[in-house]
Amino acid sequence: MSIIKFHQDLKVFQKSFDVAMIIYELSKSFPKEELYSLTDQIRRSSRYVSANISEAWGKRKYEKSFVAKLTDSEGEARETQTWLLFALKCNYINEEQFNNLNNQYNQIIGMLVNMMSQSQSWCSFSSVNKEEK
């Protein structure tokens, strides 16, 4: 296990950031008429997963705020899954791409749920360095 000092050290942050970048690259091929709708929405929601994890890390001193930001992150991950389904049904991505990304978001959601269920240990400052579970 690695020592967690910064939000960028969190596996869930790294995974969500990487998946958001994959979505960004895929969405470049979406039709121009989707630029201000599906393309914008899927990029925003996928990026907010990581952004909310960053904010949660910064609010660990306050357990309820920590959990609230992780809950926001989970919600954004689920929203991204919905936009991915729209992209699949509109034939902007194929089934393999959808399944891969959807499964990755299920893993991210699982990691977030685990962090929320163990929020007390994440918010404890008795030890300066944390190890991600």
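Data block above holds the structure.
Residues numbered from 1 in each chain as written. Predicted model: local features only at pLDDT ≥ 70, side-chain atom pairs only at ≥ 80, totals over all residues. Heavy atoms only, no water.

Visitor: For the overall build of the chain, give the residues involved together with the corresponding values.
Guide: The helix and strand tally for the chain stands at five helices and two strands. Secondary structure of the chain in N-to-C order comes out as β-α-α-α-α-α-β. Expected size for 133 residues packed as a compact globule is a radius of gyration near 14 Å; at 16 Å, the chain falls within 12% of this value. Seen through its principal axes, the chain has C-alpha atoms that stretch 50 × 25 × 20 Å. A burial count over the chain gives 41% of its 133 residues as buried. The long-range fraction of contacts in the chain, counting pairs at least 24 apart against all pairs at least 6 apart in sequence, stands at 70%. Surface summary for the chain: the accessible area is close to 7,600 Å², and the carbon and sulfur share equals 52%. For the chain, the separation between the mean place of its 17 positive charges and that of its 16 negative charges on side chains is 6 Å. (Helix = DSSP H or I, 4+ residues; strand = E, 2+ residues; numbered from the N terminus. Rg over C-alpha atoms; globule rule 2.2 N^0.38 Å. Buried < 20%, exposed > 50% of the residue type's maximum accessible area, 1.4 Å probe, protein only. Contact = heavy atoms within 4.5 Å. Areas by Shrake-Rupley, 256 points an atom, 1.4 Å probe, with all protein chains shown as cover. Lys, Arg positive; Asp, Glu negative; His and termini not counted. Charge placed at Lys NZ, Arg CZ, Asp CG, Glu CD.)

Visitor: Let's hear about the nonpolar core: which residues, and what values?
Guide: Counting residues in each nonpolar core, the largest one holds 31 residues, and the members touching the most others are L10, L84, I93 and Y105. With eight residues, helix 4 (residues 95-117) is the largest single contributor of residues to this core. (Core = buried A, V, L, I, M, F, W, Y, C linked by side-chain atoms within 4.5 Å.)

Visitor: Lay out helix 1 (residues 11-27) in plain terms, naming residues and giving numbers.
Guide: Relative to the 24 Å expected for 17 residues at 1.5 Å per residue, helix 1 spans 24 Å between its end C-alpha atoms, a close match to the ideal helical length. Those residues of helix 1 that fall on the buried side of the exposure criterion are V12, F13, S16, V19, A20, I23, L26 and S27. The arc enclosing the buried residues of helix 1, seen along the axis, measures out at 150°, which places them on a common side. (Expected span 1.5 Å × (residues − 1). Arc of directions from axis to C-beta.)

Visitor: So what's going on with the pattern of salt bridges? Residues and values would help.
Guide: As a working rule, side chains carrying opposite charge can pair if their charged atoms are close by. One pass over the full model with this rule turns up five salt bridges. One salt bridge connects K69 with D72, and the closest N-O pair in it is separated by 3.5 Å. Here K69 pairs with D72, and both are found in helix 3 (residues 63-89), just three residues apart, close to one helical turn. For K69, a relative accessible area of 14% gives the class buried. On the basis of relative accessible area, D72 is assigned to the partly exposed category, the value being 36%. (Salt bridge = Lys/Arg side-chain N within 4 Å of Asp/Glu carboxyl O.)

Visitor: An account of helix 2 (residues 35-58) is requested, with residue identities and associated values reported.
Guide: One full turn of an α-helix is made of 3.6 residues, so residues set three or four places apart face in the same direction. If you check helix 2, its first and last C-alpha atoms are 32 Å apart, about what 24 residues at 1.5 Å a residue would give, namely 34 Å. Taken together, the buried positions of helix 2 are L38, T39, I42, R43, S45, S46, V49, S50, N52, I53, A56 and W57.

Visitor: Which residues make up the environment of L88, and what values go with them?
Guide: With respect to the helices and strands, L88 occurs in helix 3. On a C-alpha basis, the gap between L88 and Y48 in space is 21 Å, while along the polypeptide they are 40 residues apart. With near-sequence residues (within four places) excluded, L88 lies in contact with I93, N94, E95 and F98.

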